[in-house]
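Residue-level structure breakdown
Letter by letter, the chains look like this.
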Amino acid sequence: MRHARILFEGAVHDAAEDDGGLLLADGRRVAAESVSWLPPLAPTPRPRTILALGLNYADHAKELAFKAPDEPLVFIKGESTLTGHRQITRRPSGVQFMHYECELVVVIGKTARKVRRDDAYDFVRGYTVANDYAIRDYLENWYRPNLRVKNRDTCTPIGPWLVDAADIPDPMSLALQTTVDGKLTQSGNTKDMIFDVPFLIEYFSSFMTLSPGDLILTGTPDGVVDCQPGDVVVTEIERIGALVNTIQGDA
Amino acid sequence: MSYLPSGTVYGVLLNFREEFDALRPQMYAPPYNAPPVAPVLYLKTANTWSTHGSAIPVPARVPEVKVGATVGMVIGAQGDVEGFVLMNDLSIPHTSFFRPPVRFKCLDGFLGIGAAMLDAQEVSDPADFRLEVRINGEPRQFVDFSQTMRSAEQLLSDVGAFMTLAHGEVLMLGCGAGRPRARVGDRIEISAPGFDTLVNTLVGEAA
């Protein structure tokens, strides 16, 4: 099943996909166009841990002139950088290079501590899509990628759906693509990840306990290009969903 | 009940002059190539949070941890400062600051958190904070918040220029130079005038 969280008539609702529309938890059916989309994530009692991978596809590492890492390059994002499907992301004025990154997101389903990779999928609640925007003008070689590049307000759209793990038998074989104003600019497959989902769950849970609702953004393949105000950027993963976002220029 | 943050906890690297100056000779060489311009931030995820008085587990592979005595600035509803709380930002010692320090800083329990928040109205100037770190009763570090690179106000403003800190989120003001190390069995006390002392003990992680 595909789950969403939406704002409709001033209230937040859990919803499920229903024949192209949305079925609200209270039984009402509403059109997808009539709602405002939130990240498809239930609130967590403590701030959600959002782990994100850099250089996790060999081709992207090459594109950015880095050798593939021996261990995961991971950074952390705060929850306030998240925004929903069909929302806007702001491009600061005067920047030269702001690019999308289409990423498969793992949503943790139960407390994970020292999990073995063979058991890793038991700890997955489901999957969604993130667009992990970066503004490269602000890159500095201190805790790189630094938060000024990666943790800006509105710069991590996520959704539209949280898709149950049971519906995705093999998350390591899904096509990803990004279009900018309808033109295909990025194309890859999750099978090309350097560190796959079971590895990542084993690796992180070896030193930090993951809780239900925590996220792992698994990195992006080759093909990132600059996005300008007005561009409609669609990051899409086979069987998971197509996440639509529009760039807005800061005045 | 002990205070726990309701939002994300952020830390800042190199916010004390002595620490910054000590690293300055390396800042122009690879991999850094230039001193940092914007505040260099990191996160202490919720799994790291340890209440005052609790035992903090240290994995067997980690012989020593670095103590990071600091003050967390708690953000108010209007983006103002609601209060301040003592924090013990533990790390596995590491020398490179090129990549994010997740595996050094985000271990379970690696952030001691003071039992109570000191209301901002009780604080005339965060630059007046003076912290003392004792390990097993021995004084090991004195942190003088008049020696920061960015004042609390400046830090809040420079961070706010690129991301919004929400109500209940916490921005730690940095750890001073000469941070002491501690090991399993040690009792770490962080005290400061106006605050209740923060105490945590390091214990071996259960296998």
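Residues numbered from 1 in each chain as written. Chains lettered and ligands numbered in written order. Predicted model: local features only at pLDDT ≥ 70, side-chain atom pairs only at ≥ 80, totals over all residues.

1. Observations concerning the overall build of chain A
Broken down by element type, chain A carries 3 helices and 19 strands. The C-alpha atoms of chain A give a radius of gyration of 17 Å, which matches the 18 Å a tight globule of 251 residues would have. Referenced to the eigenvectors of the C-alpha coordinate spread, the extents of chain A come out at roughly 50 × 50 × 30 Å. For chain A, with 251 residues in total, the buried portion stands at 52%. The contacts of chain A with a sequence gap of at least 6 include a subset with a gap of at least 24, amounting to 72%. (Helix = DSSP H or I, 4+ residues; strand = E, 2+ residues; numbered from the N terminus. Rg over C-alpha atoms; globule rule 2.2 N^0.38 Å. Buried ≥ 20, exposed ≤ 12 C-beta atoms within 10 Å, placed from the backbone. Contact = placed C-beta atoms within 7 Å.)

2. Notes on the interface of chain A and chain B
On the chain B side, the residues contacting the 25 residues of chain A number 30 residues. When contributions to the side of chain A that touches chain B are tallied by element, the ones reaching two or more residues are strand E7 (73–77) and helix H2 (147–150) of chain A. In terms of residues, the side of chain A that touches chain B owes the most to one element, E7(A), which gives 4 residues. For the side of chain A that touches chain B, the per-class residue count stands at 11 nonpolar, 7 polar and 7 charged. (Nonpolar A, V, L, I, M, F, W, Y, C, P; charged D, E, K, R; others polar.)

3. Considering the sheet that holds strand E9 (residues 87–91) of chain A
Residues and elements named next belong to chain A. Spatially, E9-E19-E18-E15-E16 is the arrangement adopted by the 5 strands of the open sheet, whose pairing is mixed. Only two strands of the sheet have a single neighbouring strand rather than two, namely E9 and strand E16 (183–189). Strand-to-strand twist of the sheet, defined as the mean angle between neighbouring strand axes without regard to direction, takes the value 20 degrees. The pairing of E9 with strand E19 (residues 241–249) spans 5 bridges and is classified as parallel. The residue of E19 that forms the bridge with Thr 89 is Ile 247. (Pairing = 2+ DSSP bridges. Axes fitted to C-alpha atoms, helices over the stretch in contact; angles between N-to-C directions.)

4. Details of the sheet that holds strand E4 (residues 55–58) of chain B
Pairing between the strands of a sheet is mediated by backbone hydrogen bonds and can be parallel or antiparallel. All names here are of chain B. Taken in spatial order, the 5 strands of this open sheet run E4-E15-E14-E10-E11, and their pairing is mixed. Each edge of the open sheet carries a strand with a single partner, namely E4 and strand E11 (138–144). Strand-to-strand, the axes of this sheet are offset by a mean angle of 25 degrees, without reference to chain direction. Of the strand pairs in this sheet, strand E14 (residues 187–191) and strand E15 (residues 198–204) are connected by 4 bridges, and their pairing is antiparallel. Within E15, the residue paired with Ile 190 across the bridge is Leu 198.

5. With respect to unusual backbone geometry
Going from A:Arg144 to A:Pro145, the amide bond is cis rather than trans, its omega being 0 degrees. Omega for the bond connecting A:Gly159 with A:Pro160 falls within 30 degrees of zero, at -5 degrees, which places this linkage in the cis form. Inspection of the secondary structure puts A:Pro160 in strand E14 (residues 156–164). With a phi angle near 70 degrees, A:Arg239 is a residue other than glycine that sits in the positive phi range. Relative to the assigned elements, A:Arg239 resides in the loop between strand E18 (232–237) and E19. Of note, B:Leu14 is a non-glycine position whose phi angle comes to about 60 degrees, a positive value. Counting through the fold element by element, B:Leu14 comes out in the loop between strand E1 (9–12) and helix H1 (17–27). Exposure remark for B:Leu14: the 23 C-beta atoms within 10 Å place this residue in the buried category.

6. Section: helix H3 (residues 152–160) of chain B
Residue and element names in this part refer to chain B. Along H3, the residues that are buried comprise Ala 152, Leu 155, Leu 156 and Val 159. Axial view of H3: buried residues confined to an arc of 100 degrees, hence all on one face. Those residues of H3 that are buried are in contact with E1, strand E2 (41–44), strand E6 (69–75) and strand E12 (170–172). (Arc of directions from axis to C-beta.)

7. Topic: the domain arrangement of chain A
Residues and elements named next belong to chain A. Taken domain by domain, chain A consists of domain 1 (1–38) and domain 2 (39–249). Across the contact, 8 residues belong to domain 1 and 14 residues belong to domain 2. For the side of domain 1 that touches domain 2, the secondary-structure elements that each account for two or more residues are strand E1 (2–8) and strand E5 (36–38). Among the residues making up the side of domain 1 that touches domain 2, the classes are represented as 4 nonpolar, 1 polar and 3 charged. (Domains from an automatic or database assignment.)

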